[in-house]
Amino acid sequence: MTLRLENVSRVVGAETHIHPTTLTLEKGTINLLLGPTLSGKTSLMRLMAGLDRPTAGRITMDGVDVTGLPVRERNVAMVYQQFINYPSMTVYENIASPLRVKGAPKAEIHRKVMEAAALLRLESQLDKTPLQLSGGQQQRTAIARAIVKGAGLVLLDEPLANLDYKLREELRVELPRIFDKTGAIFVYATTEPTEALLLGGNTATLREGRITQFGPTVDVYRRPDDRATAEIFSDPPMNFARMAIRGGQMSLGQVLNRPATGPLAALAEGDYWLGFRPHHVTLGAESPHAIRVSATVAVTEITGSESFIHVDVGAERWIALVPGVVEYLPETVIDIHLDPDRFFVFGTDGRLAAAPTGAAAA
């Protein structure tokens, strides 16, 4: 099945929830909708499902216009953050429920339930009710029910958001295997860049109801088309600084003036935005080309395995993400190091002008 959105938009009152969007999703693919809260992920999924009707544009499935077709008449399944299962039914009956509604033969129901249970590793839980399950098992049950329906389009709206860390990591590892075996189109909404990278497939980055870029997940991460995409696909968000290139030199105001090297070397003279990810800001020189910059600590956040050091450099506030426990008092002056081979450069219009290559973009 191919799902296509053609200039689809959604306006509610005076608010535009989805700006004109064209997007094509192919059978057997996992497609991530990545963006912050209120970026339009759920609104876009509701249009795909038929829960909402677009204000303009059309939606087709395998070339058939389904724009006005209600969700019950579409071959669609949806999984939400909440564990939406029938509490009085066993896991077996929960998974079987879409097939019973369809009036499927008993033997077919049993076969498909057992296949889905094996895929989601629920074979030993089939006689239990949802309240006897862990959060991860409850969400597996909801996903199994969506899969057993045989839907050509499966929509997952931040399905792991309410699980604890261990369960999220467990399901993140298993989901690509599950997706690969069904052959359906999967659309998965998330606010987390790390989750998008773990799941792979394709990613559409969203901001304020607009898709800023769509393509293979790793490609979008390594080569964002514009500054908005780079900000969305970085956690913490990418650091930025105003930069000028003049006479083969790069300058960051009064903070730094040095030869333009790495991705900067081929740039024409002019004004730009320099971007670099927080985990590429180091406390020691990790490259022979590293640039040392004096910075003033604003605040340090320690998570245990890593530390987020917020620093002021001139008029800019940057974040350094460093491994381990590192603590500085506010107002401490420290040296940080930047690797020019890892710089992203955006024009004043926000479009990508230069990017790292290969492993340097990771």
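Above: the structure in question.
Residues numbered from 1 in each chain as written. Predicted model: local features only at pLDDT ≥ 70, side-chain atom pairs only at ≥ 80, totals over all residues. Heavy atoms only, no water.

Trainee: I tried to follow the pattern of salt bridges on my own but got confused; where do I start?
Mentor: Oppositely charged side chains can pair when the atoms bearing their charge come close. One pass over the structure, following the stated rule, counts 21 salt bridges. Across the salt bridge formed by Arg140 and Glu174, the nearest N and O atoms sit 2.7 Å from each other. With Arg140 in helix H4 (residues 135-148) and Glu174 in helix H5 (residues 165-182), this pair connects stretches of sequence that are 34 residues apart. The burial state of Arg140 is the same as that of Glu174; both residues are buried. For Glu192, the salt bridge identified is with Arg172, shortest N-O distance 2.6 Å. Within this pair, whereas Glu192 is found in the loop between strand E8 (185-190) and helix H6 (193-199), its partner Arg172 is found in helix H5, the two being separated by 20 residues in sequence. Assessed through its relative accessible area of 28%, Glu192 is described here as partly exposed. The exposure class of Arg172 is buried, given its relative accessible area of 5%. Each member of the salt-bridge network shares a partner with another, and the members are Arg4, Glu6, Arg58 and Asp65. (Salt bridge = Lys/Arg side-chain N within 4 Å of Asp/Glu carboxyl O. Helix = DSSP H or I, 4+ residues; strand = E, 2+ residues; numbered from the N terminus. Buried < 20%, exposed > 50% of the residue type's maximum accessible area, 1.4 Å probe, protein only.)

Trainee: Please clarify how the sheet that holds strand E19 (residues 333-338) should be interpreted in this entry.
Mentor: In sheet architecture, strand pairing relies on hydrogen bonds along the backbone and comes in two forms, parallel and antiparallel. Ordered by their spatial adjacency, five strands build an open sheet running E15-E19-E16-E17-E18, and the pairing between neighbours is antiparallel. The outermost strands of the open sheet, each flanked by one partner alone, are strand E15 (281-282) and strand E18 (316-323). Bridge analysis of strand E17 (residues 306-313) against E18 gives eight bridges, and the strand direction is antiparallel. Counterpart to Asp312 in the pairing with E18 is Arg317. (Pairing = 2+ DSSP bridges.)

Trainee: Please clarify how the nonpolar core should be interpreted in this entry.
Mentor: Soluble globular proteins tend to bury their nonpolar side chains together. Of all hydrophobic cores here, the largest spans 45 residues; its most connected members are Ile95, Leu120, Leu156, Leu175 and Tyr188. With sequence-adjacent residues up to four places away left out, Leu120 is seen in contact with Arg140, Ile143, Ala144, Ile147 and Ile178. (Core = buried A, V, L, I, M, F, W, Y, C linked by side-chain atoms within 4.5 Å. Contact = heavy atoms within 4.5 Å.)

Trainee: Which parts of the structure should I look at to understand the sheet that holds strand E11 (residues 239-246)?
Mentor: Within the open sheet, the six strands sit side by side as E13-E12-E11-E14-E20-E21. Their pairing is antiparallel. The sheet terminates laterally at strand E13 (256-259) and strand E21 (352-354), the two strands that pair on one side only. On average, adjacent strands in this sheet sit at an angle of 35° to one another, irrespective of strand direction. In the sheet, E11 pairs with strand E12 (residues 249-252) via three bridges, with the strands oriented antiparallel. Paired with Ala244 across the strands is Ser251, a residue of E12. (Axes fitted to C-alpha atoms, helices over the stretch in contact; angles between N-to-C directions.)

Trainee: Teacher, can you tell me more about the packing of helix H2 (residues 91-102) against H4 here?
Mentor: The geometry of H2 relative to H4 is characterised by a closest axis approach of 8 Å and an angle of 30° between their N-to-C directions. On the basis of their axis angle, the class for H2 and H4 is roughly parallel. You can see that H2 and H4 cross each other, and the crossing is right-handed. Of the residues in H4, those touching H2 at Val91, Asn94, Ile95, Ser97, Pro98 and Leu99 are Thr141, Ala144, Arg145 and Val148. (Parallel < 35°, antiparallel > 145°, perpendicular 65-115°, else oblique. Left-handed = near helix turned anticlockwise from the far one by under 90°.)

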